[in-house]
Amino acid sequence: MAFGARMLKTGIAVTLSLYISSWLHFSPPVIAAVAAIFAMQPSIYRSWRYFLEQVQTNTLGAVIALLAGMFFSKEPIAIGVVCILVIMLCLKIKMGKPSG
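These numbers were taken from a predicted model, which means no experiment stands behind them. For every chain, the first residue of the written sequence is number 1, and numbering continues from 1 along that sequence. At least 70 in pLDDT is required for a residue's local features to be given in this predicted model, at least 80 for side-chain atom pairs to be given and counted, and no such filter applies to totals for whole chains, interfaces and linings, which use all residues. The basis for every side-chain value is the complete set of non-hydrogen atoms in the structure, without hydrogens or water.

**Q** Just checking my understanding: could you explain the packing of helix α1 (residues 5–23) against helix α2 (residues 30–39) for this structure?
**A** Geometry of a packed helix pair, given as the angle between the helix axes and the separation of the axes. Between N-to-C directions, angles span 0 to 180 degrees; the directions come from axes that are lines fitted to C-alpha atoms, helices contributing only their stretch in contact. Starting at the N terminus, helices and strands are each numbered in turn, a helix being any DSSP run of H or I of at least four residues and a strand any DSSP run of E of at least two. The contact between α1 and α2 brings their axes to 8 Å, and the two run at 150°. In terms of axis orientation, α1 runs roughly antiparallel to α2. As α1 packs across α2, the resulting crossing turns out to be right-handed. Mapping the contact onto sequence places T10, A13, V14, S17, L18 and S21 in α1 and V30, A32, A33, A36 and I37 in α2. Orientation is classified from the angle alone, with under 35 degrees giving roughly parallel, over 145 giving roughly antiparallel, 65 to 115 giving roughly perpendicular, and any other angle giving oblique. Each crossing is labelled by how the near helix is turned from the far one, with a counterclockwise turn of less than a right angle marking it left-handed and a clockwise turn marking it right-handed. In this description, contact between two residues means that some pair of their heavy atoms is separated by no more than 4.5 Å.

**Q** For this particular structure, what's the right way to read the state of the cysteines?
**A** Joining two cysteines, a disulfide is a covalent bond between their sulfur atoms. Counting rule for disulfides: a pair of cysteine sulfur atoms within 2.5 Å. Evaluation of the coordinates by the stated rule reveals 0 disulfides. C83 carries a free sulfur, and the closest cysteine sulfur to it, the one in C90, is 11 Å from it. Three exposure classes are used, based on accessible area relative to the maximum for each residue type with a 1.4 Å probe and protein chains only: buried under 20%, partly exposed in between, and exposed over 50%. According to the relative accessible area criterion, C83 is partly exposed, its value standing at 43%.

Note that every value here comes from positions in space, so none of it alone points to a role or purpose.
Laid out in structure tokens, this is it:
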């Protein structure tokens, strides 16, 4: 196996995510590293596009979660149902379409 740009890019992304999460006192920082690995795409363009899609989807999810938390129960079953509804909504408005 040859060392390539994608391996280097992934290593840099993991390192930066660990440093940034440590500086911001996020715990545990390993979650940021795992997210960085999952977010890596074959090209910078696709990585950027994936990042923008995730920002939109996560923002929508966070807004709906806040509203659901204010108006509905905070029981695990209610949270699970809201998660299902957010996923359904994201798929309906084509936010869950894989980039390609």
